[in-house]
Amino acid sequence: MRGKRPGQWGCAIVAALSVGLAAGAAVAQPAPAQPAPAAPADKPLAESLTGMARAEHGAGAALFDDGDYAGALARFERAYELSRDHRLLWKTALCQKNLRRYAKMLATLRRMAAEAGAALSARDKQDIADLIQAAGAFVSRLEIVASEPGATVFVDDEPVGTTPLAAPVPIDIGERRIRVSKPGFVDFVRREKVVGGGSIALVARLDRAVHRGRLVVAAGRDDLIAIDGKVAGKGRWEGSVASGTHALRVTAPGMMPHEVQVLVRDEELRRIDVSLERAPGPGGASKWLWIGGGAAIFAGALIAGALLVEPGTPAEQGSLGTVPLGFGGRR
């Protein structure tokens, strides 16, 4: 490897983890170890990086010295994305250790071993192996057997895999919220107190989500109630319906039908009160049409008379049905 020896960073993390093992899970954060001086033939990391990668690394180093490990982690990760210099992964792992994200640290170390490949010396590879072994006391393995494939597994609301899991998922010590979720099913949720160096096995049964509400229709005693085209009852009906919009129709002999679209939401109790109006009798509709038409003609005649006939002209008498009419003039 070029620049500052990763082995020095690896030894620092191993030493810090050893202190943590002795002090328990509530270990205080140790002061960051200083890497050994660079070999004369190698360029230090800060000098070999260029452009934005160099700027991000410099900002990360300053934040790390101030104890802002979360900020430093973000900067080191960005510098790695820009440069792909795997020496940055050592610093990333150290930030994750100081943040007690041991499962993340293990993932970073394995990523470095896979991506760096031949660039790692035998000492580097040994350091990675030692780190993985030391961090094992701070993580446990999560194994989940789910009733549904294709469900997403979350640990503290962060996705860690999809069922069926290809391998156990390492999770950090402490209380963890484990959730298995798939659209159309009710989430499986568990809270587990995780101790280091162990394993947790869960069976996640996902029940299909049922989206329903209740509908109550109150009408007249002899009124017929139909929902979505099917007769449901008479007078009063209450029952469970799927969430969404439903067609309600209430009818009775001699009454005007009542039709309406009813929206029922999840877990909602929706009540509809219906009072039917009496339908017009035989010939009632034509009678009202005649009355309305006659009124329109009458009003039009008055307006025409006012506009077309001069004042003082004798009025002509006539009738429309039983309604006497006068056209123009004064009577």
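Further up the page is the structure itself.
Residues numbered from 1 in each chain as written. Predicted model: local features only at pLDDT ≥ 70, side-chain atom pairs only at ≥ 80, totals over all residues. Heavy atoms only, no water.

Participant: Looking at this structure, how should I read the nonpolar core?
Facilitator: Soluble globular proteins tend to bury their nonpolar side chains together. Counting residues in each nonpolar core, the largest one holds 30 residues, and the members touching the most others are Phe-64, Leu-109 and Met-112. Among the elements of the structure, helix H3 (51–65), helix H4 (69–83), helix H5 (87–98), helix H6 (102–116) and helix H7 (122–135) are those that each provide at least two residues to this core. Among the elements that take part in this core, H6 stands out by supplying seven residues, more than any other. Judged by nonpolar contacts, the second largest core, of 17 residues, contains Ala-151, Val-153, Ala-204 and Leu-206. (Core = buried A, V, L, I, M, F, W, Y, C linked by side-chain atoms within 4.5 Å. Buried < 20%, exposed > 50% of the residue type's maximum accessible area, 1.4 Å probe, protein only. Helix = DSSP H or I, 4+ residues; strand = E, 2+ residues; numbered from the N terminus.)

Participant: Before we go on, may I ask you to explain the layout of surface pockets in this structure?
Facilitator: To find leftover empty space, one rolls a probe the size of a water molecule over the atoms. Here the largest pocket defines a volume of roughly 440 Å³. For the largest pocket, the lining is made up of 19 residues, of which Ala-103, Lys-104, Glu-158, Val-160 and Pro-170 are closest to its centre. Where the lining of the largest pocket is concerned, the elements lending two or more residues are H6, strand E3 (158–162) and strand E4 (169–172). Of the residues contributing to the lining of the largest pocket, the split by class is 12 nonpolar, one polar and six charged. (1 Å grid on protein atoms, 1.4 Å probe; cavity = no way out; pocket = protein on both sides within 12 Å on 5 of 7 lines; lining within 4 Å. Points joined across faces, edges and corners; volume = space filled by probe spheres on them. Nonpolar A, V, L, I, M, F, W, Y, C, P; charged D, E, K, R; others polar.)

Participant: It is not clear to me how the packing of aromatic side chains should be interpreted in this structure. Could you clarify?
Facilitator: In this description, an aromatic ring pair is defined by two values, namely the gap between the centres and the angle between the planes. All chains considered together, the criterion is met by two aromatic pairs. Consider the rings of Phe-64 and Tyr-69, whose centres lie 5.1 Å apart with planes at 70°: the pair is edge-to-face. Overall, Tyr-69 belongs to the buried group, its relative accessible area being 13%. Each ring, one from Tyr-102 and one from Phe-138, has its centre 4.5 Å from the other, and the planes form 35°; the classification is tilted. With Tyr-102 in helix H6 and Phe-138 in the loop between H7 and strand E1 (139–146), the pair connects residues that are 36 residues apart, well separated along the chain. With respect to burial, Tyr-102 and Phe-138 carry one shared label: buried. (Phe/Tyr/Trp six-rings, centres within 6.5 Å; stacked < 30°, edge-to-face > 60°.)

Participant: Any chance you could explain the packing of H4 against H5 here in plain terms?
Facilitator: A pair of packed helices can be characterised by two numbers: the angle between their axes and the separation between those axes. Interhelical geometry of H4 versus H5 gives an angle of 160° and a closest axis separation of 9 Å. The pairing of H4 with H5 is recorded here as roughly antiparallel in orientation. Handedness of the H4/H5 crossing: left-handed. Residues Tyr-69, Ala-72, Leu-73, Phe-76, Glu-77, Ala-79, Tyr-80 and Ser-83 of H4 lie in contact with H5, whose contacting residues are Leu-88, Leu-89, Lys-91, Thr-92, Cys-95, Gln-96 and Asn-98. Its residues assigned to classes, the contact of H4 with H5 shows nine nonpolar, four polar and two charged. (Axes fitted to C-alpha atoms, helices over the stretch in contact; angles between N-to-C directions. Parallel < 35°, antiparallel > 145°, perpendicular 65-115°, else oblique. Left-handed = near helix turned anticlockwise from the far one by under 90°. Contact = heavy atoms within 4.5 Å.)

Participant: What exactly am I supposed to notice about unusual backbone geometry here?
Facilitator: Peptide bonds are trans in most cases, and residues, glycine excluded, mostly fall at negative phi. Put simply, Thr-163 and Pro-164 share a cis peptide bond, and its omega is -5°. Structurally, Pro-164 is set in the loop between E3 and E4. Phi at Asp-156 is positive, roughly 55°, even though this residue is not glycine. Relative to the elements of secondary structure, Asp-156 occurs in the loop between strand E2 (152–155) and E3. Among the residues examined, Asp-156 registers a relative accessible area of 37% and is labelled partly exposed. Even without being a glycine, Asp-228 presents a positive backbone phi close to 55°. Structurally, Asp-228 can be placed in the loop between strand E9 (224–227) and strand E10 (230–234).

Participant: Any chance you could explain the pairing of E10 here in plain terms?
Facilitator: Each regular strand shows side chains that alternate between the opposite faces of the sheet. Here E9 runs beside E10; their pairing, made up of four bridges, is antiparallel. Looking across to E10, one finds that Leu-224 is bridged to Lys-234. Hairpin remark: E9 followed by E10, antiparallel, with two residues in the connecting loop; positive phi at Asp-228, about 55°. (Pairing = 2+ DSSP bridges.)

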